[in-house]
Amino acid sequence: MPLALIISNHVAASHVGGTAQASALSIFEIDSMVVPTVLYGRHPGWGAPGGARVAHETLEGMLAGIEANRLLAETDLVLTGYFASPEQVKVAARAIDSVRRLNAKSARPVVIVDPTLGDAGKLYVPPEVATAVIEELVPRADILAPNAWELSHLTGADIAAPQAALAAARSLGKPVLVSSIDCGAEIGVIYADLSEAWMAVHPRAPSAPKGTGDLLTALFGAALLDGLTGSDALARAVGGVAASVAAAQASSAAELPIIGMGQRLKTTSPSVRLERLA
C-alpha cells in the first residue's frame, strides 16, 4: 500500500486540510501519516475555530517517532499545506529532506507543496510564515499547487487570464498545479510542467465548501501514484473536485462529502473539459 506524509492543519468539524486529504487518499488505498500544524474545531471561515497551533517541538517529536518506525523511508507522497509559524515550516523542510535521503523504494517520492498563503487579495498567514514557505518549501517542491492569487504572490505577475497564469507558472521552473483560474462562467485549473501544459475547466458553482484546494492536491497526488500522466491526473483530480462540489450543493451540505463520494472520485466528471495550452 502506498504511503503519504501529510503536514498540514487538522480541523475536527470541517473537511479541510490534512485530515480531509487523508480521507480522500484512503479511497485510493493510500495510507496516510498526518502531522498536524494546528488543532482546530472548525474552519476559521465559520468563526473562531477553537483549539490552537501545535508547537514546532511537537511536530519534530511526531516526525521523530515516524522515522523511528522507518516509515519516512517508505513514504511515496508528501503533501504540505497550512503552517502557523516559521519554525513549523523549517521542521517540514527538514522532513522533506529526510524522506528523500532515507527513501528505500525504487521510485522517487513525490513532494507536492501547496503554498497556503492566502486568497482574494490578502494573506491569511503571518508575513513571516509566507516568507518561510517561499524560502524553505517552494524550492523543495517537485510540484507546486498554488491558487491563482498565491501564484501571483509568488511571481509578482498579474494573473488575469489562463495564458498569464501559464506564463507565471512556467517562470517558477518546475511543475505547477494552479487552481481558481478565472474563465468567465467557468473555473479552470492549469497543470504545467517543462514540456507541456493543460487546463481543465468546468462550470463555475455559485458557492463551494471550503477545502477544494486541499482535495484537489490530494486527488492529483493519488493520480500520479496510480501512474497517470500529468494531463490525465489533472482531468481526474478536477473531475473529483467538481463532482464533490456538485454533490455538496445537491444535498445542501456545508462541507465537502469526501467519504460519501467514494469511487466517484476515481472517475473524470463529464462536466470537465480538458484543453491543451502548450
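One structure accompanies this document, and this report is about it. As the structure is a prediction and not an experimental result, all values here were calculated from the model.

On to the packing of aromatic side chains. On inspection of all chains with the given rule, the structure shows 1 aromatic pair. Taken together, a centroid distance of 5.2 Å and an interplanar angle of 40° make the contact between Tyr 191 and Phe 220 tilted. Of this pair, Tyr 191 sits in strand S10 (residues 186-192) while Phe 220 is found in helix H7 (residues 212-225), placing the two residues 29 residues apart along the sequence. Here the two residues Tyr 191 and Phe 220 agree in accessibility, since each one is buried.

Turning our attention to unusual backbone geometry. Of note, the phi angle at Glu 29 is positive, near 60°, even though the residue is not glycine. Locating Glu 29 in the fold gives a position in the loop between helix H1 (17-27) and strand S2 (31-40). Given a relative accessible area of 55%, Glu 29 falls into the exposed group. Of note, the phi angle at Arg 70 is positive, near 60°, even though the residue is not glycine. Arg 70 gets classed as exposed once you look at its relative accessible area, which sits at 68%.

Turning next to the side chain of Asp 114. Among the secondary structure elements, Asp 114 is positioned in the loop between strand S5 (110-113) and strand S6 (118-119). No salt bridge is formed by the buried Asp 114; its nearest oppositely charged neighbour, Lys 210, is found at 13 Å. If we ignore the near neighbours within four places in the chain, the residues touching Asp 114 are Thr 80, Gly 81, Ala 145, Glu 150, Asp 214 and Thr 217.

This next bit is on the pattern of salt bridges. Summed over all chains, the structure comprises 10 salt bridges. Put simply, Asp 97 and Arg 140 hold a salt bridge, and the shortest N to O gap is 3.0 Å. Residue Asp 97 is located in helix H3 (residues 86-102), and its partner Arg 140 is located in the loop between helix H4 (127-137) and strand S8 (143-144); the two are separated by 43 residues in the primary sequence. Judged by relative accessible area, which is 32%, Asp 97 ranks as partly exposed. The closest approach of N and O atoms between Arg 236 and Asp 226, which form a salt bridge, is 3.0 Å. Of the two residues, Arg 236 is situated in helix H8 (residues 230-250) and Asp 226 in the loop between H7 and H8; the sequence distance between them amounts to 10 residues. The exposure class of Arg 236 is buried, given its relative accessible area of 10%. Look at Asp 226 and you get partly exposed, because its relative accessible area is 44%. What emerges from the salt-bridge pattern is a single network uniting Asp 97, Glu 136 and Arg 140.

So, about the packing of helix H2 (residues 56-68) against H3. Two numbers describe how H2 lies on H3: the axes approach to 9 Å, and their chain directions differ by 15°. Regarding the angle of H2 to H3, the classification is roughly parallel. The way H2 lies across H3 gives a crossing that is right-handed. Of the residues in H3, those touching H2 at His 56, Leu 59, Glu 60, Leu 63 and Glu 67 are Glu 87, Gln 88, Val 91, Arg 94, Ala 95, Arg 101 and Leu 102. Tallied by class, the residues present in the contact of H2 with H3 amount to 5 nonpolar, 2 polar and 5 charged.

Its 14 residues place the ends of H7 20 Å apart at the C-alpha level, agreeing with the 20 Å of an ideal helix rising 1.5 Å per residue. Among the 14 residues in H7, 10 count as buried, and that is most of the element. Count one or two residues on from H7 and you reach Gly 227, which has phi positive near 90°.

Looking now at the pairing of S10. Buried residues dominate S10, accounting for 6 of its 7 residues. The pairing of strand S9 (residues 176-183) with S10 spans 6 bridges and is classified as antiparallel. Looking at the pairing, Cys 183 lines up with Glu 186 of S10. The hairpin turn running from S9 into S10, its antiparallel successor, is 2 residues long, and Gly 184 in that turn takes a positive phi close to 70°. Bridge analysis of S10 against strand S11 (residues 197-203) gives 7 bridges, and the strand direction is antiparallel. Each residue of the ladder has a partner; that of Val 189, found in S11, is Ala 200. What sits between S10 and S11 in their antiparallel hairpin is a turn of 4 residues.

Quick notes on the rules
Residues numbered from 1 in each chain as written. Predicted model: local features only at pLDDT ≥ 70, side-chain atom pairs only at ≥ 80, totals over all residues. Heavy atoms only, no water. Phe/Tyr/Trp six-rings, centres within 6.5 Å; stacked < 30°, edge-to-face > 60°. Helix = DSSP H or I, 4+ residues; strand = E, 2+ residues; numbered from the N terminus. Buried < 20%, exposed > 50% of the residue type's maximum accessible area, 1.4 Å probe, protein only. Lys, Arg positive; Asp, Glu negative; His and termini not counted. Salt bridge = Lys/Arg side-chain N within 4 Å of Asp/Glu carboxyl O. Contact = heavy atoms within 4.5 Å. Axes fitted to C-alpha atoms, helices over the stretch in contact; angles between N-to-C directions. Parallel < 35°, antiparallel > 145°, perpendicular 65-115°, else oblique. Left-handed = near helix turned anticlockwise from the far one by under 90°. Nonpolar A, V, L, I, M, F, W, Y, C, P; charged D, E, K, R; others polar. Expected span 1.5 Å × (residues − 1). Pairing = 2+ DSSP bridges.

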